[in-house]
Amino acid sequence: MKKLLSTLAAAFALLTLVVMPVKADPFDGGLAVGVIVASADFNTDGKETEGNALNSPNGEIENISKKFTKTKDYASLFAEATVRTSGLGVGLTLGGEYIPGKVVLGSGSRTDTTADATETNQDDNTYTAEAEASDLFTLYVEPTFYLNDSIGIYGRLGMASVNVKSLENIESGTDSSAYGDKMVTGTVTGFGIRAISPWGIFVKVDYSEVDYDNITMTSNSGNKNKISADIDQEATRLLVGYQF
């Protein structure tokens, strides 16, 4: 909440600087580029199904579930094209956003202890699991209603894609599995407010959510465990750009 209030306070200060009475004609549309500063919560609901029943006398399959949230502040780049109808006060923005770098979505651990020290397969160990997201790219559309020549409110709808990599440390005894990478897509929704100055500089503040598709990975090595995860992203964002 503190980060959210700080972001909104900074955005309000910028808005008071850039918003001035302007004529509508110069803002019928154009191309724009800019940067985004965001604070996001990545919520992950994960499940692991062990494929190895050698240590279970009745052949049971063990299921482990874990929920965790990772808060991450990041910067990204965006480019967009905007069209606006003079006199009607409505417009439309089409754009794309790219987040460079990597984000660790969360991590969890568990400790297994064999009940009988004489068992052949000893898997006493602490197993850790975490996931890493990279190459996050978003395409979006923003229908906008302009309150005046400078300020507009908009909705946000789009599609995001991200590469998810499982970072596992579960190698002990017969309990060992390795997973690859997987590209995941999701639906983007949100809303915000934008303001543009006579010099082409504009500021946007918005709240955005990404609901990613469920992801499932099956190891092709070790005891062939299977993991599944449901990942959601919630972000408060400040965007500063220049419209040509």
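Heads up: the structure comes first, above all this text.
Basis of the calculations
- Residues numbered from 1 in each chain as written.
- Predicted model: local features only at pLDDT ≥ 70, side-chain atom pairs only at ≥ 80, totals over all residues.
- Heavy atoms only, no water.
- Helix = DSSP H or I, 4+ residues; strand = E, 2+ residues; numbered from the N terminus.
- Buried < 20%, exposed > 50% of the residue type's maximum accessible area, 1.4 Å probe, protein only.
- Contact = heavy atoms within 4.5 Å.
- Polar contact = N/O pair within 3.5 Å; in protein donor to acceptor, adjacent residues only side chain to side chain.
- Pairing = 2+ DSSP bridges.
- Salt bridge = Lys/Arg side-chain N within 4 Å of Asp/Glu carboxyl O.
- Phe/Tyr/Trp six-rings, centres within 6.5 Å; stacked < 30°, edge-to-face > 60°.

Concerning the overall build of the protein chain
Tallying secondary structure elements over the protein chain gives 1 helix and 9 strands in all. Mapped in sequence order, the helices and strands of the protein chain form the string α-β-β-β-β-β-β-β-β-β. Looking at the protein chain residue by residue over its 244 residues, the buried ones come to 41%. For the protein chain, restricting intrachain contacts to residue pairs at least 6 apart in sequence, the fraction spanning at least 24 positions comes to 71%.

A few points about the environment of Leu 136
By secondary structure assignment, the location of Leu 136 is in strand β4 (residues 125-146). Placed 27 residues apart in sequence, Leu 136 and Asn 163 show a C-alpha to C-alpha distance of 7.0 Å. Apart from the residues lying within four places of it in its own chain, the contact partners of Leu 136 are Glu 97, Tyr 98, Ile 99, Ser 161, Val 162, Tyr 212 and Gln 233.

Comments concerning the side chain of Glu 97
Here Glu 97 lies in strand β3 (residues 90-112). Given a relative accessible area of 4%, Glu 97 falls into the buried group. Within the structure, the side chain of Glu 97 is placed 2.9 Å from the side chain of Ser 76, a separation counted as a polar contact. Only 3.5 Å separates the side chain of Glu 97 from the side chain of Arg 156, close enough to count as a polar contact. The residues contacting Glu 97, other than those within four sequence positions of it, are Ile 36, Tyr 74, Ser 76, Leu 77, Phe 78, Leu 136, Phe 137, Thr 138, Tyr 140, Arg 156 and Arg 237.

Remarks on the pairing of strand β6 (residues 181-196)
Summarising the sheet, β6 and strand β7 (residues 201-212) pair through 11 bridges and their orientation is antiparallel. Residue Gly 192 lies in a different strand from β7, and its bridge partner there is Asp 206.

Some thoughts on unusual backbone geometry
A negative phi holds for most residues other than glycine; trans holds for most peptide bonds. The phi torsion at Asp 135 lies on the positive side, around 55°, for a residue other than glycine. As for its placement among the helices and strands, Asp 135 is situated in strand β4.

Structural notes on the pattern of salt bridges
All told, the structure shown has 8 salt bridges when counted by the stated rule. Linking Arg 84 and Asp 149 is a salt bridge whose minimum nitrogen-to-oxygen distance equals 3.7 Å. One end of the pair, Arg 84, is in strand β2 (residues 63-85); the other, Asp 149, is in the loop between β4 and β5 (151-169), and 65 residues separate them in sequence. In this structure Arg 84 comes out as buried when scored by relative accessible area, which is 10%. A residue is classified by how much of its surface remains accessible, and Asp 149, at 29% relative accessible area, is partly exposed. The partner of Arg 156 in a salt bridge is Glu 142, with the nearest N and O atoms 3.4 Å apart. Taken together, the residues Arg 156 in strand β5 and Glu 142 in strand β4 connect sequence positions 14 residues apart. Taken as a pair, Arg 156 and Glu 142 share a single burial class, namely buried. Among the charged side chains, a network of salt bridges with common partners joins Glu 80, Glu 97, Glu 142, Arg 156, Arg 194, Lys 204, Asp 206 and Arg 237.

Topic: the packing of aromatic side chains
A full pass over the atoms with the stated rule returns 3 aromatic pairs. Taking the centre distance of 6.2 Å and the plane angle of 65° together, the rings of Phe 78 and Phe 202 count as edge-to-face. Of the two residues, Phe 78 is situated in strand β2 and Phe 202 in strand β7; the sequence distance between them amounts to 124 residues. Judged on exposure class, the residue Phe 78 and its partner Phe 202 are both buried. Relative to Tyr 207, the ring of Phe 191 has its centre 6.0 Å away and its plane inclined at 45°; by these criteria the two rings are tilted.

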